[in-house]
Each structure stands twice: as structure tokens, then as C-alpha cells.
Amino acid sequence: MRIVEDCARKIERMEIRGAGRIARFAVEALKKYALEIRGDFDGKMREASMRLLNTRPTAVSLYNAINYVMGYHGESEEEKRESLIKRADEFIRWVDTARERIGEIGSKRLKDGSTVLTHCNSSSALAVIKKAFDEGKEIKVFATESRPRYQGHITARELAEYGIDVTLIVDSAVRYFMKEIDVVVVGADTITVNGALINKIGTSQIALSAKEARVPFIVAAETYKFSPKTLLGELVVIEEREGSEVAGKDLLSNPKIHVRNPAFDVTPRDYIDLIVTEIGAIPPEMSYLIIRDHLQYKEFGKEEISLNTKHYD
Ligand code: RUB
């Protein structure tokens, strides 16, 4: 269980972060753990899955990834192990190929000479931007710093290293600069059945500001960012993190001051022009079809509810 515990702690401490990366990392840990264990395969794998699922509550990618891997079959322990490893490898391939495809589809939306605004650090959103740049388009990027964890610094560094012109701004400067922006591209932690986007805190303010200025707002999201749980009425849990990420001890110890630190917010579908997935660019209204045709709902240890499952291959 050490492999799983190490992985879980890295996700909790945000050493590994971003919805796609945490999903891939958890799958790798489950694969290594499956190779290590002997006896009570189902019980041990279920326990490991629960530990990983409970690390960060908001990104459904983690749930979909674990669900996919835990859909293994077999009679003997060896057959089960083999099946699990195969599924883990399939999921990892899914992550890698999906991002590339999203880049190809999404880049068509960025014209030569565009200025793009992005928020936080999304590998899918950056795949779109990098692909447009690779195609020879002149692309400038505005990156928000994304307080309180400053993932925007990672984005700025990553784009600059890639050779892309990037301007770092504070989150509250988004509306001030919106008149210079041609298109907003962000990633996703979760997309609900009604097409709402859950992404880094501040995303919904950016969407509001983009709509006001009639700037297109595009989401880059793999199909495993769509939440089958929302089809059955479940609400997305928004992670609230420690106040110490926002304020120092002097403020935190003042009994008259409350500090709140939600890590994500909800952008309603009316603010979203397009969701770019690896199987095509869709309007948010089509989210239901992605969930129905490509994902599966299962609660570990409880009754299994299967939708029309299609495995990725
Ligand atoms: C990261 C974040 C990203 C999405 C998408 O939040 O909100 O926009 O996870 O990222 P945190 P990706 O840093 O709190 O994990 O496209 O890489 O999956």
C-alpha cells in the first residue's frame, strides 16, 4: 500500500496537480500496486481505489480513471491482474492521445495573430495554444497568475520555454485586458451533464467578462472530464482548501476574520461557446451525449449502475 499512499499524498499536497495529471498518476499507482499484491486482489484494489479517490474531490477525471481501471475482469488473480494492467495502459494511452487530438482540433479556432487568455495551468488548454504556434501562427498569450497557488507562473514559464510570447497578469486584471483578447481557452476539472464547467477558481469571472466583451470562451477537455455522476443528480463537490494558502498567521489568528479558500468554481453553460474534446468540438448542450456514450457510473462497494459503456480503444 506504500505506493498508493505515496501517490495519494503527492496529490493531496498538490505536488501532482491538474485534472489530467492526477488521473494518470493515480492509474500508474494502481498498476504498480496490482503488480505487487498477492491474495485478496479485489479487496486490496478496492481499498487502494478508495484512498486515491478521497484525495481531491472536484476533478471527475480521477473518478473516471479509477472506474475505468477497476472495470477489470478475470477468474483467477493472475487474470484479474493482467486485465487491470491492460486497462491501466489503455487509460494512459487515452490521456496522451486525447491531449494531442484536442490540440489539433482546438488550434483551428486560433487565428494567426490571435491573443489568447488562459487561466491556471491546464495541459489541454496549453496543447491547443502550442499546436497553433507549431502551425506557424503568431500567438500571444495572457496568463492569469491564478492565486492562491500561482499555477499561472507554471503556465507562463512553460509557454515562454516553448517560445510563445506571454504576459502574466493578476487575476483581477482580466476585465481590464479583455479588450485585447481574441479568445479565452481554459481547461476543465469536471463538466456536468447540463454543460456547466468546473475549473480553477476565477474561471467563471473570466467567462462573465468574456461574454460582456463578446470574446469566445473555449474549454479544452478530454471526455474523461465529463461527470457521469451528475447524470444521476449528484452535485459536484467544490474543494475548499486551508486558509493558510491565502493569508498569514496574523490574519488567521484574528477571531474577527474568516478566510475562505474554494479551489474551483462553476461556469454555467451559457457562458461557454465550445468544448473541445478528443472526439470533436461540441456545444456544452451536448455534454449528456458524451456521458451516455463514453462513460460509466459505478460506486465502489455499492450497487453498480451501468450506462451504455464504450471502452476506449
Ligand atoms: C488545475 C485546474 C486546471 C484543470 C485542467 O487545478 O483547474 O485548469 O485541472 O487541467 P489544480 P488539465 O492546480 O488545483 O489541480 O487540462 O491539465 O487536466
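Preceding this paragraph is the structure being described.
Keep in mind that this is a model prediction, so the values were computed, not measured.

**Describing the overall build of the protein chain**
Here is step 1: Regarding its fold elements, the protein chain presents 12 helices and 12 strands.
Here is step 2: A globule of 313 residues ought to have a C-alpha radius of gyration of about 20 Å, and the protein chain, at 20 Å, matches this closely.
Here is step 3: By its C-alpha atoms, the protein chain is 60 × 50 × 40 Å across when sized along the principal axes.
Here is step 4: Here the protein chain holds 313 residues, and the buried ones make up 52% of them.
Here is step 5: Counted over contacts in the protein chain with a minimum sequence separation of 6, partners at least 24 positions apart contribute 74%.
Here is step 6: Summed over its atoms, the accessible surface of the protein chain is roughly 14600 Å², and 49% of this surface lies on carbon and sulfur atoms.
Here is step 7: Taken together, the 47 basic and 49 acidic charged side chains of the protein chain have centroids lying 2 Å from each other.

**Re the sheet that holds strand S5 (residues 190-191)**
Here is step 1: One open sheet accounts for 3 strands, arranged S5-S6-S8; its pairing is antiparallel. Strand pairing shows two members of the sheet lacking a second neighbour, S5 and strand S8 (264-267), which therefore form its edges.
Here is step 2: For S5 and strand S6 (residues 197-200), the ladder comprises 2 bridges, and the chain directions are antiparallel. Paired with Ile191 across the two strands is Leu197, which belongs to S6.
Here is step 3: Contacting S6 and S8, helix H9 (residues 203-212) crosses the sheet at an angle of about 35° to S8.

**Quick notes on the pattern of salt bridges**
Here is step 1: Summed over all chains, the structure comprises 25 salt bridges.
Here is step 2: A salt bridge links Glu5 to Arg9; the shortest N-O distance between them is 3.2 Å. Residue Glu5 and its partner Arg9 are located together in helix H1 (residues 2-12), separated by 4 residues, close to a single helical turn.
Here is step 3: Overall, Glu5 belongs to the partly exposed group, its relative accessible area being 21%.
Here is step 4: With a closest N to O distance of 3.0 Å, Arg292 and Asp293 form a salt bridge.
Here is step 5: Judged by its relative accessible area of 18%, Asp293 is buried.

**Re the pairing of strand S9 (residues 274-277)**
Sheet faces and side chains relate simply in a regular strand, where the side chains alternate between the two faces.
Here is step 1: Both faces of S9 are covered, namely the face carrying Leu274 and Val276 and the face carrying Ile275 and Thr277.
Here is step 2: One ladder, built from 3 bridges, connects S9 with strand S10 (residues 280-282); its direction is antiparallel. Directly across from Thr277, in S10, lies its bridge partner Gly280.
Here is step 3: Counted along the chain from S9 to the antiparallel partner S10, the turn is 2 residues long.

**A word on the site of the ligand**
Here is step 1: Taken together, the neighbourhood of the ligand is formed by 18 residues, with Arg17, Gly20, Ser123, Gln151 and Lys200 sitting nearest.
Here is step 2: In the model, an oxygen atom of the ligand is placed 2.8 Å from a nitrogen or oxygen of the Arg56 side chain.
Here is step 3: Gln151 has a polar side-chain atom sitting 2.7 Å from an oxygen atom of the ligand.
Here is step 4: Protein coverage of the free-state accessible area of the ligand, which is 460 Å², stands at 100%.
Here is step 5: The cavity that encloses the ligand is the largest cavity.
Here is step 6: Elements with a minimum of two residues in the shell around the ligand: helix H2 (19-36), helix H6 (123-134) and S6.
Here is step 7: A per-class count over the shell around the ligand returns 5 nonpolar, 8 polar and 5 charged.

Rules of the game
Residues numbered from 1 in each chain as written. Predicted model: local features only at pLDDT ≥ 70, side-chain atom pairs only at ≥ 80, totals over all residues. Heavy atoms only, no water. Helix = DSSP H or I, 4+ residues; strand = E, 2+ residues; numbered from the N terminus. Rg over C-alpha atoms; globule rule 2.2 N^0.38 Å. Buried < 20%, exposed > 50% of the residue type's maximum accessible area, 1.4 Å probe, protein only. Contact = heavy atoms within 4.5 Å. Areas by Shrake-Rupley, 256 points an atom, 1.4 Å probe, with all protein chains shown as cover. Lys, Arg positive; Asp, Glu negative; His and termini not counted. Charge placed at Lys NZ, Arg CZ, Asp CG, Glu CD. Pairing = 2+ DSSP bridges. Axes fitted to C-alpha atoms, helices over the stretch in contact; angles between N-to-C directions. Salt bridge = Lys/Arg side-chain N within 4 Å of Asp/Glu carboxyl O. Near = heavy atom within 4 Å. Polar contact = N/O pair within 3.5 Å; in protein donor to acceptor, adjacent residues only side chain to side chain. 1 Å grid on protein atoms, 1.4 Å probe; cavity = no way out; pocket = protein on both sides within 12 Å on 5 of 7 lines; lining within 4 Å. Sits in = over half its atoms within 2 Å of the grid points. Nonpolar A, V, L, I, M, F, W, Y, C, P; charged D, E, K, R; others polar.

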